Amino acid sequence: MAAPNHFDTHEVTNQSPPFADVDLFAVDPPLRDAVRANGAAADAKALAAFGQRWGTAEMFDLARQANENPPQLRAFDAQGVRQDFIAFHPAYHLFMAESIAARLQASTWRADGGAAPAPAQVTRAARFYMAAQVETGHLCPITMTRAAVAALAVEPDLAAKLMPKIAAREYDPVFRPWPEKKSMTLGMGMTEKQGGTDVRTNTTRAVAAGEGYAITGHKWFLSAPMSDAFLVLAQAPGGLSCFLTPRFRADGSLNGLRFQRLKDKLGNRSNASSEVEFTEAFALRVGEEGRGIATVLQMVQLTRLDCAIASAGLMRMALAQAIHHARHRTVFQKPLAEQPLMQAVLADMAVEVEGAVALVIRLCRSFDLAASDGREAARARLLTPAVKYLVCKIAPALIYEAMECLGGNGYVEESILPRLYREAPVNPIWEGSGNVMCLDVSRVLEREPEAARAVLAGLVDEAADLPGVSAAAGFIDANLSAAGSQARSRAVVERLANLAAVAALRGSAPAPMPEIFARTRLAESRSATYGASDIPMSDAASILRRALPE
Ligand SMILES: Cc1cc2nc3c(=O)[nH]c(=O)nc-3n(C[C@H](O)[C@H](O)[C@H](O)COP(=O)(O)OP(=O)(O)OC[C@H]3O[C@@H](n4cnc5c(N)ncnc54)[C@H](O)[C@@H]3O)c2cc1C
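What you are looking at is a predicted structure, and each value in this text was computed from that prediction instead of being measured. (Residues numbered from 1 in each chain as written. Predicted model: local features only at pLDDT ≥ 70, side-chain atom pairs only at ≥ 80, totals over all residues. Heavy atoms only, no water.)

(A) Spatial organisation of the site of the ligand. The local shell around the ligand holds 20 residues, among which Met-190, Thr-191, Gly-196, Thr-197 and Ser-223 are the closest. Take Thr-191: an N or O atom from its side chain is 2.7 Å from a nitrogen atom of the ligand. A distance of 2.5 Å is found between an oxygen atom of the ligand and a side-chain nitrogen or oxygen belonging to Thr-197. When the ligand is considered free in solution it has 970 Å² of accessible area, and contact with the protein chains removes 67% of it. Elements supplying a minimum of two residues to the shell around the ligand: β3 (186-189), β5 (212-223), α12 (426-429) and α13 (434-447). Its residues assigned to classes, the shell around the ligand shows nine nonpolar, nine polar and two charged. (Near = heavy atom within 4 Å. Polar contact = N/O pair within 3.5 Å; in protein donor to acceptor, adjacent residues only side chain to side chain. Areas by Shrake-Rupley, 256 points an atom, 1.4 Å probe, with all protein chains shown as cover. Helix = DSSP H or I, 4+ residues; strand = E, 2+ residues; numbered from the N terminus. Nonpolar A, V, L, I, M, F, W, Y, C, P; charged D, E, K, R; others polar.)

The structure is reproduced here in structure tokens:
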């Protein structure tokens, strides 16, 4: 007699279907409106094609595989010879190939390394935002590669040699010297054991050697270690300087990068982050000796922007999963999405995410216009650290709340929520942690108070009729001169970023979104949890329809 199948005792019902095979662009009206409002309406068709590809069940499954099979360090070969090779799962390589084919690593640059015309930043940000919803780990080398071009601008001859490989559409993971490859990626090495924020304490040394320099020292976090070259900070005779350090020497031999181990990270598991020692590694100087921080800051400004875009993307996917589930799950004879208390939670989260996407896309517009418009350049300088601060910091709490909307299923690895949740805290920590972003805003306020006041006045003009705007501006203004008062700077930066979000929403979102965001995020004191903001029930339903059309 056949053994009874215990799973025959019940039917599986009342479970939500997977959120997959969706067009990530089409199902996201806040993104579409932000793209349109910031000069990229003509790119909608291409963005929809991208959204369709990245929203397939296949891509979600590949993302799971890339994260369940983290990279491995193979320091030696079978014979004990050093190879310093990191092996990645094929799914990771597939994401690299997809993102590079879509030119996420280079579309904001012209072939010569100059800035591509508007709306290159906005269009790329929309793609980056959708990619981050699916697989974020591989975006680390993608963001570093595109940002490194900004630092390379001080060495036009070097940039001219590298640009064809950086901008190529064909990902080439082969472990060979970069001149022999179809394309290349770049990483960066700044953080050392004794200091990541305070890079002036770097102990890694650079001495002139042959046609370049020899670098000796260590880096404590060096992500994407299979990059073809790294921008590395080291102490040269003339002070802290920036160097391009390739994986191979000009004669084709392995360069002096000795990987000690890979970090065992909370999240970001598809991507490798290494500890590395440099033993007389060959390098070329980028910029003058002593100008290392100034050179690398050009790069860091762009990676910070990408941190904020990626965090907005993580939140968006968490929100979409929560709304999707709530529409399919019935509790007490009614879909969760129709339960007033769940509506209040979801609507509050939707307001948060729409503010974040409007904010990052509008900031990208400033980057698009910076070269021709001094006010937009000042806006980008002041707001980038503020936006990174706010958007990256709110992501973990929002993703956790979305996880709870799925109940127990949200806590289980088969749902995407645990991965999104583990991923979120890296963005506020790296490329300048929260306090460092606040100090950066203070620095801009101190150095260019007139330009900062003009940016503030512009934000107020754009949203003058909305609740809380003039009070927030007054608070920020009153603290401008007290920028030295570091203890208050989180309060200033948070208000500044929320004020910028209100102005961005005013430009891209229909009523009542700008008013609701302004009232609940600027005018009223913020509650500690989602669902406690005062959003009328009549608005909640339309907010949810907008957040994820049925
Ligand atoms: C997954 C991951 C990948 C990374 N990849 C790279 C990489 O590829 N290349 C690279 O160079 N680095 C990388 N980093 C390192 C990262 O950039 C640093 O960890 C970060 O800059 C913080 O530096 P730290 O760890 O030395 O902390 P610290 O600099 O010691 O900072 C600790 C805390 O002190 C705060 N703080 C610092 N200064 C002040 C101050 N004056 N006043 C008040 N508070 C302050 C900071 O905000 C932070 O909260 C990576 C980190 C992670 C987690």
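The rest of the description comes next.
(B) Representation of helix α14 (residues 449-463) in the model. Counted at 1.5 Å a residue, the expected span for α14 with its 15 residues is 21 Å, and the 21 Å between its end C-alpha atoms agrees. Among the residues making up α14, those that are buried are Ala-452, Val-455, Leu-456, Leu-459 and Ala-463. For α14, the angular spread of the buried residues around the axis is 95°, confining them to a single face. Set apart from the buried face of α14 by more than 90 degrees, the exposed residues are Glu-450 and Asp-461. (Expected span 1.5 Å × (residues − 1). Buried < 20%, exposed > 50% of the residue type's maximum accessible area, 1.4 Å probe, protein only. Arc of directions from axis to C-beta.)

(C) Main features of the pattern of salt bridges. A full pass over the atoms with the stated rule returns 36 salt bridges. The salt bridge involving Arg-64 is made with Glu-68; its shortest N-O contact spans 2.7 Å. With a gap of four residues between them, Arg-64 and Glu-68 both fall in helix α3 (residues 57-68), about one helical turn apart. Judged by its relative accessible area of 32%, Arg-64 is partly exposed. Glu-68 sits in the partly exposed class, given a relative accessible area of 49%. Residues joined in a network through salt bridges with shared partners are Asp-33, Arg-36, Glu-354 and Arg-546. (Salt bridge = Lys/Arg side-chain N within 4 Å of Asp/Glu carboxyl O.)

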